[in-house]
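Given next are the chains, with one letter for each unit.
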Amino acid sequence: MKTMSTGSVRAVASRDELNAVMQANVFGPIRLAHALIGTVREQTGVLALMSSIMGSIAENTFGGMEVYRATKAAQNSFSRSLWLGSARSRGVTVLSVHPGWVRTDMGGAGADIDVDTSVTGMADQLQAHAGAKVHRFIDYSGREIAW
């Protein structure tokens, strides 16, 4: 996928590339969430979707990566609608979780945290939010991220 990194509003990507990223980052995860919501324990269950701080409109202070940002913002919006619908009525918590800037192929060697720190933090957040009956946009440490 090619996007302009200058922070411009125009992303350069083909229709097929845009569709592939939307399927992977938005429609696939939200379809799975809808398929699973009925199996999540009522009143104490937690359903988490892998989001990204890049999906925050409020925290976008430098632009770039427009297509990726748009997909994660869209996923957050769908997650909110899921919570407002079937999840909230069943008392299920929905979390949109940013894993942190992780040392992976995507994050690179200069990223802030290792995989174990990210995964342990996210698992801790699932446990901490059991029974909360909310929708939150947080990072792996529980820090609230502005929408």
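This report concerns the structure included in the present document. (Residues numbered from 1 in each chain as written. Predicted model: local features only at pLDDT ≥ 70, side-chain atom pairs only at ≥ 80, totals over all residues. Heavy atoms only, no water.)

## A short note on the overall build of the protein
Part 1 of the reasoning: The helix and strand inventory of the protein stands at three helices and three strands.
Part 2 of the reasoning: Of the regular secondary structure in the protein, the N- to C-terminal order runs α-β-α-β-α-β.
Part 3 of the reasoning: By the compact-globule yardstick of 15 Å for 147 residues, the protein fits well, its C-alpha radius of gyration being 16 Å.
Part 4 of the reasoning: Within the protein, the proportion of its 147 residues that are buried is 37%.
Part 5 of the reasoning: Carbon and sulfur atoms make up 58% of the accessible area of the protein, which totals about 8100 Å².
Part 6 of the reasoning: Looking at the protein, you have 14 positive and 12 negative side-chain charges, and the mean spots of the two groups are 9 Å apart. (Helix = DSSP H or I, 4+ residues; strand = E, 2+ residues; numbered from the N terminus. Rg over C-alpha atoms; globule rule 2.2 N^0.38 Å. Buried < 20%, exposed > 50% of the residue type's maximum accessible area, 1.4 Å probe, protein only. Areas by Shrake-Rupley, 256 points an atom, 1.4 Å probe, with all protein chains shown as cover. Lys, Arg positive; Asp, Glu negative; His and termini not counted. Charge placed at Lys NZ, Arg CZ, Asp CG, Glu CD.)

## Quick look at the pattern of salt bridges
Proximity of charged atoms lets side chains of opposite charge pair with each other.
Part 1 of the reasoning: In this structure the tally under the stated criterion is four salt bridges.
Part 2 of the reasoning: E59 serves as the salt-bridge partner of R143, at 3.6 Å between the closest nitrogen and oxygen. With R143 in the segment after strand 3 (135–139) and E59 in the loop between strand 1 (46–50) and helix 2 (66–89), this pair connects stretches of sequence that are 84 residues apart.
Part 3 of the reasoning: As a salt-bridge pair, R136 and E144 come within 2.5 Å of each other at their nearest N and O atoms.
Part 4 of the reasoning: In the salt-bridge network here, residues are joined through shared partners; they are E59, D139 and R143. (Salt bridge = Lys/Arg side-chain N within 4 Å of Asp/Glu carboxyl O.)

## Side note on the pairing of strand 2 (residues 93–98)
Part 1 of the reasoning: Counting buried positions along strand 2 yields six of six residues, so the element is predominantly enclosed.
Part 2 of the reasoning: Residues T93, L95 and V97 line one face of strand 2 and the alternating positions V94, S96 and H98 line the opposite face, and both faces are buried.
Part 3 of the reasoning: Two strands pair when backbone bridges link them, and strand 1 and strand 2 are joined in this way by five bridges, in the parallel orientation. Along strand 2, the bridge assignment pairs A48 with L95. (Pairing = 2+ DSSP bridges.)

## Quick word on the side chain of S96
Part 1 of the reasoning: Relative to the assigned elements, S96 resides in strand 2.
Part 2 of the reasoning: When residues no more than four places from it in sequence are discounted, the contact partners of S96 are L49, S51, N76, S79, H135, R136, F137, I138 and W147. (Contact = heavy atoms within 4.5 Å.)

## As for the nonpolar core
Part 1 of the reasoning: In this structure, I30, A33, I37, V40, L47, L49, L82, W83, A87, V92 and V94 together form the largest nonpolar core, which totals eleven residues.
Part 2 of the reasoning: Going through the elements one at a time, helix 1 (15–36), strand 1 and helix 2 are the ones with two or more residues in this core.
Part 3 of the reasoning: In terms of residues, this core owes the most to one element, helix 2, which gives three residues.
Part 4 of the reasoning: Filtering out sequence-adjacent residues up to four positions away, A87 remains in contact with I37, L82, V92 and V94. (Core = buried A, V, L, I, M, F, W, Y, C linked by side-chain atoms within 4.5 Å.)

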